[in-house]
Amino acid sequence: MLSPETRRVLVIMPAWNEGETVGDTVDEVINLNEGYDVLVVDDGSKDATAAVAAAAGATVLRLPFNMGVGGAMRAGFKYADRYNYDAVIQVDADGQHDPREIASVLEGLTTADISIGARFASKGDYKVSGPRHWAMVFLAAVISRLARTKLTDVTSGFRAGNKRAIAQYLDHYPAEYLGDTIDSLVVAIKSGCKVTQIPVAMRPRQGGTPSHNPAKSAIYLLRSVFALLFALTRSRSKIAVQEGIA
Amino acid sequence: MGNTLAPFIFALVMVAIVLELVRRKVFREKYAALWLVIGASALVLAGWPDLLAGVSKLLGIQVASNLLFALCIVLLLGVCLHLSWELSVVEDENRTLAEEVAILRTAVEQLESDFRRIPQPTPQAAKPQLQSAPGPCED
């Protein structure tokens, strides 16, 4: 299962009670025939997520209890680090991230350490409004300045990383809420990782219920500011990866 | 004397309980140390009630019991902070273990399924050994 360029790519799918959709999403990724290995991190699901994912041909990490997306992703990064993958990409199990876009998001890694699949950058019609939208605009503005590049969607979970990014994430485990996106991104930038974004189109959810309910949008704004402030005060992590090999 | 005996006995019982818990290894020493310090100070204050009044006069606190309350609050705050800190450490270790267990479990399952795919290695490998084993014995 080696890709044409002999680069080993791990597709990490954090899944919590996504039994309805995870099988199809895994199928789609495998049917791309790009040689990606698929790792489903079953975040303490109460349904058949793990069995469905395994039947579809993914490797499954079963976390003994729910640890949140950040925790699931860290387990995935640890796996990638242990089995020496060259690049990882996070793909939602609910099918919102179009597997056909994986290659283009990975393309961003040729110029950066972290490549974000951005939902608003001129492609697709993904829209949010109200406090949640303000929070996203505000976060994008602040983090763009930090990263010295224009980022429009910093809370996107559809992101790829190379070995430097993996090492950084393993060193700094983000805070609970929004940590997997904002906190880890800010500390990665401070630690010297380069970030870029690739415009992608989002698909509607293929099933299941969204984890954010609209009423929580205002709280989302406050929490994201809080998460950002904390992230800004964190110390950089020392990345122990040989440079130049990437 | 009567009004000092009750608090003194109370403090004594508390210290005794903490010591006994440490002895039975229910409590870890690092947690017990804090409680023993609290218990010892309670003993001293119960034994010498004049001490509290003297110290509060020295610190400029008009009502001696206020000093006692303030001290209690500071101590409880310290205990809470200590517990939060310990809990964070434990949670961190717990998470690392969970990740490790998940990765190991996947690796073991992978090994098991790989092993099953090998066309019956055990009977074939074991048979020659079993057949050759009686050989030397018969000689």
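Summarised in this report is the structure supplied together with it. (Residues numbered from 1 in each chain as written. Chains lettered and ligands numbered in written order. Predicted model: local features only at pLDDT ≥ 70, side-chain atom pairs only at ≥ 80, totals over all residues. Heavy atoms only, no water.)

1. Considering the packing of aromatic side chains
All names here are of chain A.
And step 1. If you walk through the whole model with that rule in mind, you get 3 aromatic pairs over all chains.
And step 2. Relative to Y83, the ring of Y79 lies with its centre 4.6 Å away and its plane at 40 degrees, an arrangement referred to as tilted.
And step 3. Residue classification places Y79 among the buried residues on the basis of a relative accessible area of 9%.
And step 4. Consider the rings of F226 and F230, whose centres lie 5.1 Å apart with planes at 85 degrees: the pair is edge-to-face. Taken together, the positions of F226 and F230, both in helix α8 (residues 217-233) and 4 residues apart, correspond to about one turn of that helix.
And step 5. Positioned over the ring face of Y85 is R8, at 4.2 Å from the centre of the ring. (Phe/Tyr/Trp six-rings, centres within 6.5 Å; stacked < 30°, edge-to-face > 60°. Buried < 20%, exposed > 50% of the residue type's maximum accessible area, 1.4 Å probe, protein only. Helix = DSSP H or I, 4+ residues; strand = E, 2+ residues; numbered from the N terminus. Lys NZ or Arg CZ within 6 Å of the ring centre and 35° of its normal.)

2. Focus: the pattern of salt bridges
And step 1. Going through the model one piece at a time under the given rule, you end up with 15 salt bridges over all chains.
And step 2. Here K78(A) makes a salt bridge to E100(B), at a shortest N to O gap of 3.6 Å. With K78(A) in helix α3 (residues 68-82) and E100(B) in helix α4 (residues 64-117), this pair bridges two chains.
And step 3. Overall, the relative accessible area of 23% leaves E100(B) in the partly exposed class.
And step 4. The shortest N-O distance in the salt bridge between D86(A) and K163(A) comes to 3.9 Å. Here K163(A) lies in helix α6 (residues 163-171) and D86(A) lies in the loop between α3 and β4 (87-90), a separation of 77 residues in the sequence.
And step 5. Each of R74(A), K78(A), R82(A), D92(B), R95(B), E99(B) and E100(B) takes part in a single network of salt bridges with overlapping partners. (Salt bridge = Lys/Arg side-chain N within 4 Å of Asp/Glu carboxyl O.)

3. Notes on the interface of chain A and chain B
And step 1. Listed by partner, the interface residues are 16 residues for chain A and 12 residues for chain B.
And step 2. When chain A packs against chain B, close to 1,300 Å² is buried across both sides, 57% of that on carbon and sulfur atoms.
And step 3. The largest contributions to the chain A side of the interface with chain B come from R62(A), K78(A) and R82(A), which together make up 35% of the buried area.
And step 4. Across the chain A-chain B interface, the total number found is 5 salt bridges.
And step 5. Taken together, the connections running from chain A to chain B amount to 5 residue pairs in polar contact (both at pLDDT 80 or more).
And step 6. Taken together, the elements giving at least two residues each to the side of chain A that touches chain B come down to β3 (59-62) and α3 of chain A.
And step 7. Looking at which element gives the most residues to the side of chain A that touches chain B, the answer is α3(A), with 6 residues.
And step 8. For the side of chain A that touches chain B, the residue count by class is 10 nonpolar, 2 polar and 4 charged. (Contact = heavy atoms within 4.5 Å. Buried area = accessible area lost by both parts, 1.4 Å probe. Polar contact = N/O pair within 3.5 Å; in protein donor to acceptor, adjacent residues only side chain to side chain. Nonpolar A, V, L, I, M, F, W, Y, C, P; charged D, E, K, R; others polar.)

4. Comments concerning the pairing of β4(A)
Residues and elements named next belong to chain A.
And step 1. A two-sided burial pattern is seen for β4, the buried positions comprising A87 and I89 on one face and V88 and Q90 on the other.
And step 2. As paired strands, strand β1 (residues 9-15) and β4 are joined by 4 bridges and run parallel to one another. Bridge assignment links L10 to a residue of β4, and that residue is V88.
And step 3. In terms of strand pairing, β4 meets strand β6 (residues 159-162) through 3 bridges, oriented antiparallel. Bridging from a neighbouring strand, I89 pairs with A160 of β6. (Pairing = 2+ DSSP bridges.)

Just geometry here; none of it tells us what the structure is for.
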